[in-house]
Each structure stands twice: as C-alpha cells, then as structure tokens.
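Structure at a glance
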Amino acid sequence: MAAEAGHGPLTSGDYIAHHLQNLQACKAETGEWVMNIGHNAADICSGNPMAINVDSMFWSVLLGLVFVVSFRGVAKKASTGKPSKFQALVEIIVEFVDGSVKDTFHGKSRLIAPLGLTIFVWVFLMNLMDLIPVDWIPMVAGAAGITYMKVVPSTDVNVTFGMSIAVFFLIIFYTIKNKGVIGFIKEMTLHPIAPPTKGFGLIAAPLIIAFNFVLESVALIAKPISLSLRLFGNMFAGELIFILIALLGVYQLPLHFGWAVFHILIITLQAFIFMMLTIVYLSLASETH
Amino acid sequence: MEIVIGLTAIAVALLIGLGALGVGIGMGLLGGRFLEGAARQPELAPMLQTKMFIVVALLDAVAMIGVGIALFFAFANPFIGQLQAAQAAAGG
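Cut-off values and rules
- Residues numbered from 1 in each chain as written.
- Chains lettered and ligands numbered in written order.
- Predicted model: local features only at pLDDT ≥ 70, side-chain atom pairs only at ≥ 80, totals over all residues.
- Helix = DSSP H or I, 4+ residues; strand = E, 2+ residues; numbered from the N terminus.
- Buried ≥ 20, exposed ≤ 12 C-beta atoms within 10 Å, placed from the backbone.
- Rg over C-alpha atoms; globule rule 2.2 N^0.38 Å.
- pLDDT = per-residue confidence, 0-100.
- Contact = placed C-beta atoms within 7 Å.
- Pairing = 2+ DSSP bridges.
- Nonpolar A, V, L, I, M, F, W, Y, C, P; charged D, E, K, R; others polar.
- Axes fitted to C-alpha atoms, helices over the stretch in contact; angles between N-to-C directions.
- Parallel < 35°, antiparallel > 145°, perpendicular 65-115°, else oblique.
- Core = buried A, V, L, I, M, F, W, Y, C linked by C-beta atoms within 7 Å.
- Expected span 1.5 Å × (residues − 1).
- Bend = angle between axes of the 7 residues up to and from the residue.

Looking now at the overall build of chain A. In terms of helices and strands, chain A carries eight helices and three strands. Sequence-ordered secondary structure for chain A, helices as α and strands as β, is α-β-β-β-α-α-α-α-α-α-α. Its C-alpha atoms put chain A at 80 × 60 × 40 Å along the principal axes. Counting the 289 residues in chain A, one finds 29% classified as buried.

This part is about the overall build of chain B. Counting secondary structure elements, chain B contains three helices and zero strands. Written out in order from the N terminus, the α and β elements of chain B read α-α-α. In terms of overall dimensions, chain B is more spread out than a globule: its C-alpha atoms have a radius of gyration of 21 Å, far above the 12 Å expected for 92 residues. The principal-axis extent of the C-alpha atoms belonging to chain B is close to 75 × 15 × 10 Å.

What follows covers unusual backbone geometry. Residue P192 of chain A is bonded to the preceding H191 of chain A through a cis peptide linkage, with omega at -10 degrees. Mapped onto the fold, P192 of chain A is located in the loop between α6 (157-190) and α7 (205-246).

Scored by pLDDT, chain A has a mean of 87; 96% of the residues are at 70 or more. Within the model, pLDDT remains below 50 along residues 1-6 of chain A, and this stretch shows 11 contacts once partners closer than five positions in the same chain are excluded.

Residues and elements named next belong to chain A. Strands sit in the order β2-β1-β3 across an open sheet of three strands; the sheet is antiparallel. Each end of this open sheet is capped by a strand with a single partner; those strands are β2 (33-35) and β3 (52-53). As defined by bridge partners, strand β1 (residues 24-27) adjoins β3 across two bridges and the pair is classed as antiparallel. Each bridged residue has a counterpart across the sheet, and for A25 the counterpart in β3 is I52.

Next up on the list: the environment of V167 of chain A. Residues and elements named next belong to chain A. Along the polypeptide, V167 turns up in helix α6. Sequence separation between V167 and I137 is 30 residues; the distance between their C-alpha atoms is 31 Å. Discounting chain neighbours no more than four positions away, the residues touching V167 are P224, L227, T278 and Y281.

Each partner contributes residues to the interface: chain A has 15 residues there, and chain B has 11 residues. A per-class count over the side of chain A that touches chain B returns 10 nonpolar, four polar and one charged.

Residues and elements named next belong to chain A. Looking at the secondary structure, you find I146 in the loop between α5 (136-143) and α6. With 18 C-beta atoms counted inside 10 Å, the residue I146 sits in the partly exposed group. For I146 and I37, which are 109 residues apart along the polypeptide, the C-alpha to C-alpha distance reads 5.7 Å.

Below, the discussion takes up the packing of helix α8 (residues 252-285) of chain A against helix α2 (residues 45-75) of chain B. Interhelical geometry of α8 of chain A versus α2 of chain B gives an angle of 95 degrees and a closest axis separation of 10 Å. As the angle between them shows, α8 of chain A and α2 of chain B are arranged roughly perpendicular. Contact residues: L269, Q270, I273 and M276 of chain A in α8 of chain A; F53, I54 and A57 of chain B in α2 of chain B. Its residues assigned to classes, the contact of α8 of chain A with α2 of chain B comprises six nonpolar, one polar and no charged.

Residues F120, V123, A271, F274 and M275 of chain A are the most contacted members of the largest nonpolar core, which totals 51 residues. Breaking this core down by element, the ones donating at least two residues are α2 (54-76), α3 (85-104), α4 (112-128), α6, α7 and α8 of chain A together with α1 (2-40) and α2 of chain B. The element contributing the most residues to this core is α8 of chain A, with 12 residues. Residues contacting F274 of chain A, with those up to four places away along its chain left out, are I119, V123, L227 and L231 of chain A.

We now examine the pairing of β1 of chain A. Bridge count for β1 of chain A against β2 of chain A is three bridges, and the pairing is antiparallel. Within the sheet, the bridge partner assigned to K27 of chain A lies in β2 of chain A and is W33 of chain A.

Residues and elements named next belong to chain A. Its 34 residues place the ends of α6 only 34 Å apart at the C-alpha level, less than the 50 Å of an ideal helix rising 1.5 Å per residue. Of all the bends found along α6, the most pronounced is centred on K179 and spans about 110 degrees. The complete set of buried residues in α6 reads V159, T160, M163, S164, V167, Y174 and T175. Contact partners of the buried residues in α6: α2, α7 and α8.

A low pLDDT means the predicted coordinates there should not be read in detail. Residue and element names in this part refer to chain B. Summary statistics for chain B give a mean pLDDT of 89 and a share of 99% for residues scoring 70 or more. Between the elements of chain B, mean pLDDT differs from a low of 85, seen in α2, to a high of 94, seen in α1. As scored by the predictor, the complex reaches a pTM of 0.86 and an ipTM of 0.74.

All names here are of chain A. Tracing the backbone through its elements, the reader meets V54 in helix α2. Distance in space between the C-alpha atoms of V54 and D103 is 39 Å, their sequence separation being 49 residues. Each residue touching V54, except ones within four places of it in the same chain, is listed here: L23, Q24, A25 and M35.

If you want it as structure tokens, here you go:
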C-alpha cells in the first residue's frame, strides 16, 4: 500500500501485478541471458517458453535443503534417552507419515514412505512461506536491486507441475514394474468394460477396447493435472487474497489475521492431500491381485 | 472493449459463484454424513475425520481451479491484449 522504494505511487492494479510477477531469466534473441531486474521491463521474458522463474527455483531448493539438512541432523543425533524438542517434532511427523502409508499402501516398496515424507514436509514448507507478510521479503529484495520476487514456490505452476509429473512417471514405473507392460496395456484396454471374447459379441470388442482406452487415458492424465492444479489453485488464491487485503491500509490487520489463521488449515491440508493422493495412486499402481 | 470487460466480469463471477455453490452443497452433505457416522460409532470418529478431510480437499480442487482461472481473468485478462492488438491493426 505504501509507495515502494524507487517506484513512486502505485495504483492498486500495479501493486497486484507487481506482486504476481516472477523473477525470470531467459535467453534473449541476442543469445545472452537476461533477467527482468533493473532497467529491463517486467515482461521481457513473457512468452518465452524457456524462461526460468529464478525466485521459485531459489526458494524451493532452499526449503528442500532446510528440510533435508534439519531432518538428517536430527536422525544422526537421535537419542532415545533425552530427545530434544525438535527431535520429538520430527518423530511426530515421521510417525504420522508412516501411519498414513501403512494404512493406505498395500504393496511392498521402500520408496513410498520417504517419498511421502519428502512430499509432505517440502510442500508444507513451501506453502508456509505464504504466511510471511506480503511486502517483507520483496522489500528487502528490492533494496538489493531485485525488482520482482515471489517467495511462495507452490504458487508457481511450474513447481507444482514439476512435482506432479514426477509422481506421474513414478505411477507408470510402478505399474509396469508390478504388472508388466502387458499388464499395463491390459489395464488400460480391458477396464472398466470387459470386452466379449467369444460368440457374436466379438464384433464389438475393438469398439469396447477403444472406449476403455479413452476412459482410462483420461483418468490417468487427470491424476497429475488435478494433483498440481489443486495445490496451485489453493495457494494462488490464498496469496492473491493476502495481496488484496494488503491494499486496504490500516484495516488490513484484523482481516490479515483472520485469513492467515484460516490459511494455516489450508496449508497443512493441501500438503497432506498431495502426500495422501500420491500414496493412493502409487498403491493403485502396485496392486497385484 | 466495454463489452469484453463487462462480460469478463460476469464470467469471473459465474466461475467463482457456481464453483462455491457446488462445493457448498457437497461439503454440507459430506459433513452431515460424517456427523451421523460419528454419532453411530464414536470410536470410529478419528478415522472418519481423516477420510473426511481427504474428500474435502478433493472437492476443493475443482472449485479452486475455477477460482484460479477466474482470478487470472480478473487481473491479467488476455482478451484485452488481443482486442487492443486487433484495434491497432485495424486503425493503424
């Protein structure tokens, strides 16, 4: 709401657009890498399919490192006699993920529980950045010369799609590993309607197989798309409401508090859902009757 | 131009409103069934609550996708750019 350093008075639309713009780096036609800071325009990289959102990359990698380093530090120093409080917290989280995996995953795999833990804690940390007041980090970055910075990586479609496409490849890998390529093709073509194999109905079999294939492909593709857009939509809407409340001047404080308290629930729920759905999809892919 | 902006505003309102309507009815039914189930067998309440939250997030998903698209149109409407380009091409 206040005039930002070096920008002069902004309209509301400018403020919102400023906060929704990523810090991007791309290769210009001249072949050199440019970023949209300093004298370059904000949309210097828009429309460039190879543009990299540097801020999302930085914050997601940083939070991933925070998770890995802190949890590994606790694991190495784990003591049964006198656990520290942080170790107790890590134990709660690990037991929670372990319980969820035991309830839901009916196959045998050593990857699922660590995968679930990584997804849960990483997505939770990324979403948690949304609770930091909207202007704080961008102001510090602006003082350092970085004009645009979005600190919540899960509001970036690229980040959420990156995670869900990785899960998608894991689904296909586990399906082929547990059912074989033939089993995978059978699953796609013989469900949900079993085509007739003898008698008169044999004529209809190719049609039914094609119909099954279309249905099953849509269901298969819908999994990663819905997984990523669910997280993105929730986080983007939450961040946008924070920005809109920030435009209200002094009346923003009670509204910010109320929305932030509600957002705590949303953050945890979305991280939990991403983890649960990953486990459920991988369990469906690994079931061998 | 006014027609495009006005109709975009109505589209945004429909996206958010109809999504909220569907989710409201769905969550109401879901919450009602959960309370009935918890009242019949209170020892199952924690397990039912976990499953309820899973279904809540699945319901939220499509509504949130609608909200995301609606907010995109509210703040970064691509039709305006197209219209301006067409007007520039026709006028210039």
